[in-house]
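# Remarks on the overall topology
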Amino acid sequence: MDKFYQLSKEETRKKVNGQQEPLTDQQVREHQEKYGKNELVEGKKKSTFQIFLEQYKDFLVIILIAAAIVSGFLGDAESAIVILVVITMNAILGTVQTVKAEQSLSSLKKLSGPTAKVLRNGNVIQIPSVELTVGDEVMLEAGDYVPADGRILQNASLKIDESALTGESLGVEKSDEVISGEVPLGDQTNMVFSGSFVTYGRGSFLVTGIGMETEVGKIATLLKTTSEKRTPLQINLDQFGQKLSIIILIFCGILFGINVFRGDSIGDAFLFAVALAVAAIPEALSSIVTIVLSFGTQKMAKEHAIIRKLQAVEGLGSVSIICSDKTGTLTQNKMTVEDYYVNEKRIPAAEIDIQKKEQRQLLDYSILCNDSTNVDGMEIGDPTETALINIGTRLGVGTMDVREAYPRKTEIPFDSDRKLMSTVNEMDGERVMITKGAVDVLLNRMAYIQKGDGVCPITDADKAAIEAQNQEFSRGGLRVLAFAYKKMEDERDLCLEDENDLIFLGLISMMDPPRVESADAVAECIRAGIKPIMITGDHKVTAAAIAKRIGILKDESEACEGAEIDNLSDEELKDFVEHVSVYARVSPEHKIRIVRAWQEKGNIVSMTGDGVNDAPALKQADIGVAMGITGSEVSKDAASMVLTDDNFATIIKAVENGRNVYKNIKGSIQFLLSGNFGAILAVLYASIAGLPVPFAPVHLLFINLLTDSLPAIALGLEPHTKDVMNEKPRPMNESILTKDFLIKIATEGLSIGVTTMIAFLIGFKGGDAVLASTMAFGTLCTARLVHGFNCKSDRPVLFKKKMWNNIYLIGAFLLGLVLITSVLMIPALHSVFKVSTLTIQQLLIVYGLAAANLPIIQLLKCFRKK
Ligand code: ATP
């Protein structure tokens, strides 16, 4: 085993790549072939056959198999075969659904997989972490997951959280020095390990181990497949299903007793009781939820919202507070420099003159204290910093030329708590520390000011003038950075105390216009009963100006600074948040307190975040939203949803999708439960009225396992509507089975039950029980198919275009109709399905009674609406 921490950088390169230069494309391919993919091998996935077998584990299916065996013994081979065929078809349907849902979830996982920044062909490019190979040079910055094991090449204050490996939760400070002797993992400070993440600083490393050959790979050996988690809705439905099943089983038991008492054979009575139980128990509820959720997530991924936790889809429908970052989410994050301010003068970008010494100095410093690059138009880095180098390019000053002339010696990276960044550059034989950052923070650290050629102590009047200029910029919605510097006496690394006693050089203002769609999205959000809140690290005045433009804020009094909430107790904060819609100068800790305050007031809160420090707030929020483009890997990992376009409007679209998914699930449940209820009512009536049993077991199985499943799924795929955004958010703890909903199911079930019994009674007029049962079966089956259209919406849709907008439902209806008509009309099937031949007139009665459920239930909807 190589101990890379004992080797110098050069020795490591030699050992791993056999050369000092970075790998060529050809070598990368060879290494990828030799070492395989950079991934941990997952536990074995279930095969399709296993999934198929699992369909037989269901309690009801086991009872059905027992029933088939019983009928076989009783000499009713036909029933036994029909039951087995129906069960098998049902299992196939179940397998297809499960496999599809799994496929869509795993493709979702791939979409949100981690990425790494690697040096290939002299350029830094971003690639999926799985494609990394041994010998690659990987860049790291705060918020990145370390994608493989490796030896550190560059280290700028890197601190790494290795708690996943060592259990030690304090960040480990890294170095690039050789370590002698043998040391444990936690002390190998010049190495980084896969699975840990960067909490601070920047750096790079040479990959020495990937996939199962990494330290985590060795611990994990075989990752178990993540156990599937059930969503609150599924749990709710499972519990409901269990209770309902018990009631139904008791009911069927009683019915079994009555039928035996009436003289039925025990076998027949048993078979009927079983079939009724199967017909009445809504066993498909929670699998329908899975299918509809997975369909919903696919649609959302296409619309730039990737769901990482399935619960989020349901949760989105209940969100009542959306806290959003400003930069990049509400604004375009396409920054352009608007003004320089040097020598006490404001200079618009178009008038910058680099022949003037101080203006050139400000330009050079803004290029040096900056990590962005722009190679052939490909911008890499923070847009704020990109704007600073772009103006140089426009003025004919090459970024790389400046950086090569004044090389960087050391640095303290930017972090959003400190709101500053510093570098030390060698300039004409001297070491100069350049610091840039938020104006208010830097103002307190300045002791001198540069005016013309000279440097003099800064006075209160100078500070007031700078502050006034800052306010003027900010009121126009501009983002402002201050620049300062000082000479360093000795050659050493920087510490935080060095960022004091600085010389003020100037300000740069930048424009970051709101996204065009932000204002509309905010308006829609408010209409949907959701409060939008802007949370930003930027200045209060800038933030308020932008918030006003897009409609988040009406009055300046609704804006506050993060520091204002520091003095409030949690209890006071709960009242305070009510009146605030813009929080400026916020640190990640403030974010958590704001989320909690709203949650304690009973709200479901969504919060966006991008930095490594945002992860706790994202976890605390009910729906943590990370930024796909600018977000750190750590924030993405903590979030339940990732926006691939970083856009606020996408969150609102996701809420709309979430609400629609929930509505569609409700439609499927309504369809299943009301239909089942109709069947039970018919059986109950017949048994009380002393009539023959209206259905043969095979009828109930046919309806329940075949003709019912497809419309239920189709209803889950109803096209989404905008209407859902006119409602208030759904209370999170509201059970899906509200009183209103249950009443609806009961009345609709009653309609189906009554029409079915009328058909039965018409058929029974001449005393022919088989004819009566045939007509009842035909009516129930067709009525349920028709009823699918009733479940499309809470409102009447009969004469509207909406009636025909779900192609799946129409398909399911037609297929079901063909099936039931074939059973009724093809003589060869009659004995298997225990039906007798219908005349055309009788068939029309069946269709007519079934179709009657459409106007009746639509009329009920009109009344209910009134
Ligand atoms: P949001 O929180 O809405 O994304 P933001 O980008 O302004 O807004 P931060 O990235 O936390 O939030 O930045 C906070 C402040 O730090 C900024 O207002 C700016 O003054 C300063 N700042 C931002 N980027 C840099 C940088 N690269 N170097 C130095 N200072 C910066």
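Right above here is the structure, for reference.
First things first, this report covers the structure right here in the doc. (Residues numbered from 1 in each chain as written. Predicted model: local features only at pLDDT ≥ 70, side-chain atom pairs only at ≥ 80, totals over all residues. Heavy atoms only, no water.)

## Observations regarding the overall build of the protein
Convention followed: Numbered from the N terminus, helices here are DSSP runs of H or I no shorter than four residues, and strands are runs of E no shorter than two. Buried residues are those whose accessible area, probed at 1.4 Å on protein chains only, stays under 20% of the maximum for their type, while exposed residues exceed 50% and partly exposed ones sit between those limits. Any pair of residues with heavy atoms lying within 4.5 Å of one another is described as a contacting pair. Here the accessible surface of atoms and residues is derived via Shrake-Rupley with a 1.4 Å probe, and residues count as covered only by protein chains that are part of the display.
Broken down by element type, the protein carries 31 helices and 26 strands. Along the first, second and third principal axes, the C-alpha set of the protein runs to 115 × 65 × 45 Å. Per-residue burial over the protein gives 54% buried out of 866 residues. The contacts in the protein between residues at least 6 apart in sequence include a share of 71% that link residues at least 24 apart. On the protein, roughly 37,500 Å² of surface is accessible, and the fraction owed to carbon and sulfur atoms is 58%.

## Overview of the site of the ligand
Just so we agree on the cut-off: Any residue with at least one heavy atom within 4 Å of a molecule or strand is counted as near it. Two N or O atoms count as a polar contact when they lie within 3.5 Å, although within protein this holds only if one can serve as hydrogen donor and the other as acceptor, and sequence-adjacent residues are included solely when both atoms are side-chain atoms. Here the nonpolar group is Ala, Val, Leu, Ile, Met, Phe, Trp, Tyr, Cys and Pro; Asp, Glu, Lys and Arg are the charged ones; every other residue, Gly included, is treated as polar.
What surrounds the ligand is a group of 19 residues, the closest being K326, T327, E385, S416 and R479. One of the backbone N or O atoms of T327 is found 2.9 Å from an oxygen atom in the ligand. Here K436 contributes a side-chain N or O atom positioned 3.0 Å from a nitrogen atom of the ligand. Protein contacts shield 91% of the accessible area of the ligand, which totals 600 Å² for the unbound molecule. Taken together, the elements giving at least two residues each to the shell around the ligand come down to β16 (430-437) and β19 (479-488). Along the lines of polarity and charge, the residues of the shell around the ligand split into 5 nonpolar, 5 polar and 9 charged.

## Some remarks on the packing of helix α12 (residues 357-368) against helix α13 (residues 383-394)
Threshold: Here the axes come from fitting lines to C-alpha atoms, over the contacting stretch only for helices, and the angles between their N-to-C directions go from 0 to 180 degrees. An angle counts as roughly parallel when it lies under 35 degrees, as roughly antiparallel when it exceeds 145, as roughly perpendicular when it falls between 65 and 115, and as oblique in every other case. For any pair of crossing helices, the crossing counts as left-handed if the nearer helix is rotated counterclockwise from the farther one by less than a right angle, and right-handed if it is rotated clockwise.
Two elements in contact, α12 and α13, have axes separated by 9 Å at closest approach and are oriented at 130°. Of the possible angle classes, the one that applies to α12 and α13 is oblique. In the packing of α12 onto α13, the handedness of the crossing is left-handed. Contacts between α12 and α13 involve L363, S366 and I367 on the former and, on the latter, L388, I389, I391 and G392.

## Here's the deal with the packing of aromatic side chains
Filter applied, for reference: Only centres within 6.5 Å qualify two rings of Phe, Tyr or Trp (six-membered ring in Trp) as a pair; their planes then separate them into stacked at under 30 degrees, edge-to-face at over 60, and tilted for everything else.
Counted according to the given criterion, the structure contains 9 aromatic pairs. Where Y365 meets Y485, the ring centres are 5.5 Å apart and the plane angle is 75°; that geometry is what we call edge-to-face. With a gap of 120 residues between them, Y365 in helix α12 and Y485 in strand β19 connect regions that are remote in the sequence. Given the relative accessible area of 7%, Y365 is considered buried.

## Comments concerning the pattern of salt bridges
Pairs may arise between side chains of opposite charge once their charged atoms sit close together. Going by this rule: Salt bridge, as applied in this entry: a Lys or Arg side-chain nitrogen positioned within 4 Å of an Asp or Glu carboxyl oxygen.
For the structure on display, the rule yields 44 salt bridges. Here K9 and D176 are joined by a salt bridge, their closest N and O atoms 3.0 Å apart. Remark: D176 occurs in the loop between β5 (172-173) and β6 (191-192) and K9 occurs in helix α1 (residues 9-17); sequence separation between them is 167 residues. Owing to a relative accessible area of 22%, K9 belongs among the partly exposed residues under this scheme.

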